[in-house]
Structure formats: C-alpha cells, structure tokens
Amino acid sequence: MHENLVIVESPAKAKTIEKFLGKEFVVTSSMGHIRDLEKKDFGIDIENKFNPRYIVSPDKKRIVAELKKLAKDAKMVWLASDEDREGEAIAWHLKEVLKLKPENTKRIVFHEITKEAITTAVDNPRSIDENLVNAQQARRILDRIVGFEVSPVLWKKVKPSLSAGRVQSVAVRLIVEREREIRNFKSESWFRVNGFFVVSDKNGNVTELKAELSKKFKTWKEANAFLEKCKTSTFTVANVVKKPGKRSPAAPFTTSTLQQEASRKLGFSVSQTMAVAQHLYESGKITYMRTDSMNLSGLAINTAKQTIKNLHGENYVKIRKYKTKAKGAQEAHEAIRPTYMNQESVAGTNQEQRLYELIWKRTIASQMADAILEKTTVSISISNAEENFIASGEVLIFDGFLRVYIESTDEENGNGTNEKGQTIIPPVKVNDVLQMNSAVAVERFTKRPARYTEASLVKRLEELGIGRPSTYAPTITTIQNRNYVVKEERLGDERKYIVLSLQRNEITKQTKTEITGAEKNKLSPTDIGTVVNDFLVDNFDLIMDYNFTASVEAEFDDIADGKMIWFEMLDKFYQPFHAKVKHALENSERSKGERILGEDPKTGKPVSVKIGRYGPFAQIGEGSDDKNAEKPTFASLRGGLNLETITLEEALELFKLPRDLGEYENKKLVVAIGRFGPYVRHDSKFVSLGKEYDPFTVELDTAIELIEKKREKDKAAIIRVFEEEPDLRVLNGRWGPYISYKKKNYKIPKTTKTDELSLDNCLKIIKESPEPKARRGRKK
C-alpha cells in the first residue's frame, strides 16, 4: 500500500519528477496514450450524436492492468500528463479506463519539471478540464471523419492505399500550388549599375565608396548608353543623411519559431527538433515545448535579468513582455525557455546541447537592450543624367542583444552571416566632387517563388491559422511518409548573363555563366501528391479551403473555452460533408492525371502518361477489351520527370529499357526500372541500382560490381543453415536475427543465443510463434 501514485506519459518524465517528490510518492508511466478508436463502432455511432466507443489499444492492455493494480493500492492518484489538450485527454482516459474515483483523483499540471514547479502543482491540484478534453476529442473525431470517409473515395477514384487528412491535405495543397507558381513563372532580366568612387580622407588615405544607380535598365543597350554618359560626367555629393537606428531582439521561442530557427541555424528537421526538445523537457532542462505563447514568467524574467547583468553589465538589460500574435493561441502558458536561466549549457547529446544553447541565447537576448545603429545615406548626382547613385550603410554604435544572438531568415539559409550588418561609408560632405574609378552593369533576373522548406511551411501554416503547435511536426512527417511530398536537393542549371564594365574610359562586354535554382532540403509535390490534391480540390472544396481549416481551429478553441458544444460542432460539419462524400463516390470520374503527349514516330500509336498502381508511368498504345488486340507497352517515369512537365521526347527515351548489358557467368545481365526503382537482373536475381546509378547509362563493369557486393551482403546475413531442412535459415536482418522458413519470418526471443540454435530449437520457436501476418495480395 502506498500513499500517492503519480501517472505521467513517459518513463523519462517519470524519472525526472521522481527526484523532486518524497518517498510517499510512487511515479509511473502510461507509455503515452492508452486510448484508441474502434473503426467499426465509430461508423455506427456517427449517427448517434458522435459518441464513438473508445477502446484500449491492444499493445497497452498489459500497461493498463499494471496501472489498475498500482491505483488500487494507492490512497490518492495524481494525473500529471502534459498541460495541453492532448495531455488533458490522456488524464481523462486514464480516469475512465482505470475507473478512478473523483475523491481519490487529482489533476496537476506544470510547464517545467523543476522542484518548485512540481511542489506548486501538488499544492494546487485541480479537476480535469472537461472543455479541454472535449476540444481534443472533437479534433480527433473530426480528423477521423475526414480520414475514414475521404480515403476510401481516393482508393476507388485515384489509387489504392491513399489517405486524406484535414490538415495534411491542406499542407500538400500549399506545396502543389507553390510548385505550379514556380513552373508558370517567367523570369525577366534587367541591369543593375554600381559605381565605385575614390574618396580621400583628411590624411590623404584613399578609400572606395560603392553606390548603386537609382534606375534599373531593361536591356544591355540602355545600360551601355548610360555608361557612355558616365565617361564625360561629373559626380557630385548632393546629399548626406545620417539617422539613428535600432534593432530589437526576437521574442522567446514558441513551437513554430523554434522549429523554424532550428531548421535555419542547426539544419534540424521539424520532427527532429520536437524529439530533441521533448527529451530536454522531460529531463527538466527546458519548459514545455508545445506552446504558442511568447510570455515569460516573472521568475524567468528576473533570473534572465540577473544573468545578463553578471555576463554583460547593467546597460545590456531591457525587460520586455511579449504578446502572443498567433491565432487562437491556447496550448501552454509560457514560451519555450531554459528552466534555469543561469545555465548556459547542459549535458546531453550533441543535438540536445546545440538546441539548448539556441533556446538559452534566444531567451536571454529577448531581455537585452536594443542594438543602436547610425544609418548613413549618400546621394551622388550625375551632371549629364537625371539618375543618382545612392550609397547606404550603417555603423554599429552599441551591440546590445547582438552580443548574444541574431534571428536568421529563410533568405540567409541559416548561415547567420552579416551579424553586425556594418557597411561603413567613407567621410564625404555635400558638394564634394568624386572621381569614378569604375562602373559595372550586371544583368540580373527576377526571382521565382521559393519552394517551401519544412520551416517556411510551418510559418505559412501558422500564418493561415491552420493546425496547432502539436500538429506541425506530425503533419509534415505524414505528407512525406505518404509520398505526397518529397524533400529534394537540386543542383541547379547554368544561366548566362551579361556584364558591362567601364574602366579607364573604356567599356567592355562579357558573357558569364552562373548556377541558378540550386536548392537543398526543399519540399516538392510528387505526381501522386499532385493528382490527389487536384481530385480533393475538385470534389471536397470545403475541407481543402484554407479559411475553413482555420475556422475549424477557432471552433476547437471555442469548445476549449466552453463556448461551444463539441458534438453540435461536429454535427454541423458532418451533414454537408457526408453528402459531398456520397456525391463524389457516385458521380466523380476516376483521376489518373493522364496527359496525351503525342504519337510514337515508329508506330504512330498515342503516347501518354498517368498514375498507376505503383506510381507514374508512360504508355505507348491504348488498352482494349479485345483479347486479340495488341497490348500497350509501359515504362516507369524516372527521377526528375513528372506528369505535368514531361515531354514526348523524354517519354520515348524511357522505352529504351530494359537494356541488355551483356553476359556475366554465361548468363544475361539486364537493366530495367521496376516497381521499387531501377535494378540489374542476373540469374533470376535482382540488385537495386539505388539513386547513385542511372539505368540508361550504367556500364557492365559497374553492374557486375553491384552484383558481387550484394552477394557478399547476403552471405554475411546468413547465421545458420541446416542441410536436412534447406528451407529453414537463421538470418541477420535489419531488426536483428530471425528465422526464415517457407517464405515466412519468425522472431527469435532476445534471450536466445542464435549461434547455438539447433534445427529442433528453430522448429520449436516456429511452432510456438503466432502465425506471421500474410502479405496483402494485389487487388484485382
């Protein structure tokens, strides 16, 4: 028998909390959420005012049994799951499943795992907030409605095994629309002119002043004509303006800004950031990491103030209180910050240390003084032209918060360069006559819209009010796992540009080359992602509408505030939505993203591209019900090609596969592209070419080398074989050793020594193992 049982979500969190509670407390973990929805009951109960039956996940039944035993032996059960809506729902489900009595149950919340926070929470327990639970339940059920009802429509009308989601589908739409903006973008060129002037100070020291012409020219001839004028021009300082300026620090981190900045500065993916932050929180090093609040507690501000004074002095302190700007901010009540502001670094993995340092610097900087600048602008008149040259720069007078931290932007690519931002203007005064040393006119081009990174997509979702701190990372992970979106690198393309130079009264013209369009870790839609998006936009305009998705989030907020009844909100959504589903099933056409590219010059048959069961492919000829008719030929699209932009010539190139490379060991060696990508076939065995080799150019020697490497790998994977039972082998796989027998795999108990397994031992393990799940066969 024990006095108190504290239940949290994870073992790591339990271990940290345990340190701050006395021996009268037993701390345990529910290993996450113990609930699930039973699909068949969900559909039935939809009509019964949304009262779906929650069941315990099969893998959680043992945990529930242990928790029931512990709860039965405790005088008081403390539910200490996270303070957001998901955490409140976890607490509610624990209460229901464990059949806890109200008089023996208390709910405690805290946004940091420190002794002070835990003690305060225990001293101030509350009851479970039913409104927060209802808001989370409404979100979960609405998302299940969309998934359960729309996904089968996609299976029937587009392709099997597809899925739709209220937030994920809108995120894909953003990426598809951006890709089309890029494809439709027509770049225009123009010429920018910079002049370089000689300036002497009072001591005779010569420096150079760079200034940009106030006008852009459309053609090189216009730019050339201007440079001709400069040969005989007099350049005079017309105006010098000096203005004080300042830069203020960014607010402390919310979930979305942490994800964005960790992506830019550290190169972390959104899901990686959240995983590392979760561990920092559970080990008591930072506050709760799912929040859209910018607020800092009074204690945090005071400790930050003292830390800044100790490190940099009183004049670097400036206390600020930030107001949250996010629509419907509701998750936690404080920004993400270190639990102890005087700790500049912490122990842990390299990733944990880097993310912690980022959070510490951002939080400290938010309470530091502004950086003070002096901005100078010089206008230089041209005697025989209306345009002016403009030189501008700034000098840092007081570094303030810049001593610690500066926020990155997407344009900087996270390199944090130009930290002090200084461009020093040489001393000049009005009416000074300047000598031009040189002038350069460079052809520049309008920039196309940038593809989204994970960070910029999170920023856009937040701007539109779509999703919440807890949904950004899983949404972005899901759309990539579903292969609707891929993260790609592009090497870019060569582009020629013109440079005109005026020096020593002579103009020269050069054509130079640069790389444009190079990208790293940018999100692009796949063909299947594009086809699914177009089908959903055509048939489910409501759920694909940005304003609707944001308004649903606002309604969840109203439910959390007790201003709206959750099942009435769902009923209002479900009736028109369900009608749309029925209409789409009965009336919409199948969507394959098909395009007719032209005719095959050899056969005169039509060449088309479309989506098939295993992805996008090209086709020569047409299908027919006539058994005697000639069947069409098919070829999978190779990497870099997509349905919307592929040309007839590129499609015809695909039909050069399979390629016969020759013979090896007296057997043919053939290269082709299959369901899982390019491969080499030899002796009825297949070896993947991966992304490293092009099936259209790979040579015989390379293919042989890959075959031999595969043989060595397969040989190393074999732990034991048995002559008397050749179908049975003990192999070393991705997840550890296992038994392979008659095309089925069986787990080996962890306590078993694989090198000592006999045939009888293996057969016994097979007999006692549950029947392996059969692979899904192809649907006809």
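Just so you know, these numbers come straight off a predicted model, no measurement behind them.

Conventions used here
Residues numbered from 1 in each chain as written. Predicted model: local features only at pLDDT ≥ 70, side-chain atom pairs only at ≥ 80, totals over all residues. Heavy atoms only, no water. Pairing = 2+ DSSP bridges. Helix = DSSP H or I, 4+ residues; strand = E, 2+ residues; numbered from the N terminus. Axes fitted to C-alpha atoms, helices over the stretch in contact; angles between N-to-C directions. Contact = heavy atoms within 4.5 Å. 1 Å grid on protein atoms, 1.4 Å probe; cavity = no way out; pocket = protein on both sides within 12 Å on 5 of 7 lines; lining within 4 Å. Points joined across faces, edges and corners; volume = space filled by probe spheres on them. Nonpolar A, V, L, I, M, F, W, Y, C, P; charged D, E, K, R; others polar.

**Remarks on the sheet that holds strand β21 (residues 659–664)**
The four strands lie next to each other as β21-β22-β23-β24, forming an open sheet whose pairing is antiparallel. Each edge of the sheet is formed by a strand with only one pairing partner; in this case those strands are β21 and β24 (685–688). Across the sheet, the axes of successive neighbouring strands diverge by a mean angle of 30°, strand direction being ignored. The sheet contact formed by β21 and strand β22 (residues 667–674) spans five bridges and is antiparallel. Bridge pairing in β22 links glutamate 663 to lysine 668. Sheet strands touched by helix α19 (residues 700–717): β21, β22, β23 (677–682) and β24. Its angle to β21, the strand with the most contacts, is close to 65°.

**Looking at the layout of surface pockets**
Which parts of space are left empty comes out when a probe the size of a water molecule is rolled across the atoms. Roughly 1,100 Å³ of internal volume is contained in the second largest pocket. Along the walls of the second largest pocket sit 24 residues, with Leu731, Gly733, Arg734, Tyr738 and Asn745 positioned nearest its centre. Of all the secondary structure elements, the ones that give two or more residues to the lining of the second largest pocket are α19, β26 (728–733), β27 (736–741) and β28 (744–747). Looking at the lining of the second largest pocket residue by residue, the classes come out as ten nonpolar, seven polar and seven charged.

**What about the environment of leucine 461?**
Looking at the secondary structure, you find leucine 461 in helix α13 (residues 454–463). Separated by 89 residues in the primary sequence, leucine 461 and alanine 550 have C-alpha atoms spaced 9.3 Å apart. Ignoring anything within four residues of it in the chain, the contact list for leucine 461 reads Ala171, Leu174, Ile466 and Tyr472.

**A look at the sheet that holds strand β17 (residues 595–599)**
Paired through their backbone hydrogen bonds, the strands of a sheet run either parallel or antiparallel. With antiparallel pairing, the four strands of this open sheet are ordered in space as β17-β18-β19-β20. A single partner strand is all that each edge strand has here, and the edge strands are β17 and β20 (633–636). In this sheet, neighbouring strand axes are inclined to one another by 25° on average, regardless of whether the strands run parallel or antiparallel. Judged from the four bridges that link them, β17 and strand β18 (residues 606–612) form a sheet pairing that is antiparallel. Residue arginine 595 lies in a different strand from β18, and its bridge partner there is valine 609.

**Quick word on empty space enclosed by the protein**
As enumerated under the stated definition, the model contains six cavities of 30 Å³ or more in all. One number sums up the size of the second largest cavity: a volume of about 60 Å³. Lining of the second largest cavity is provided by Ser163, Ala164, Gln168, Ser169, Val172, Tyr484, Gly529, Val532, Asn533, Leu536 and Met544. The element that contributes the greatest number of residues to the lining of the second largest cavity is helix α15 (residues 527–539), accounting for four residues.

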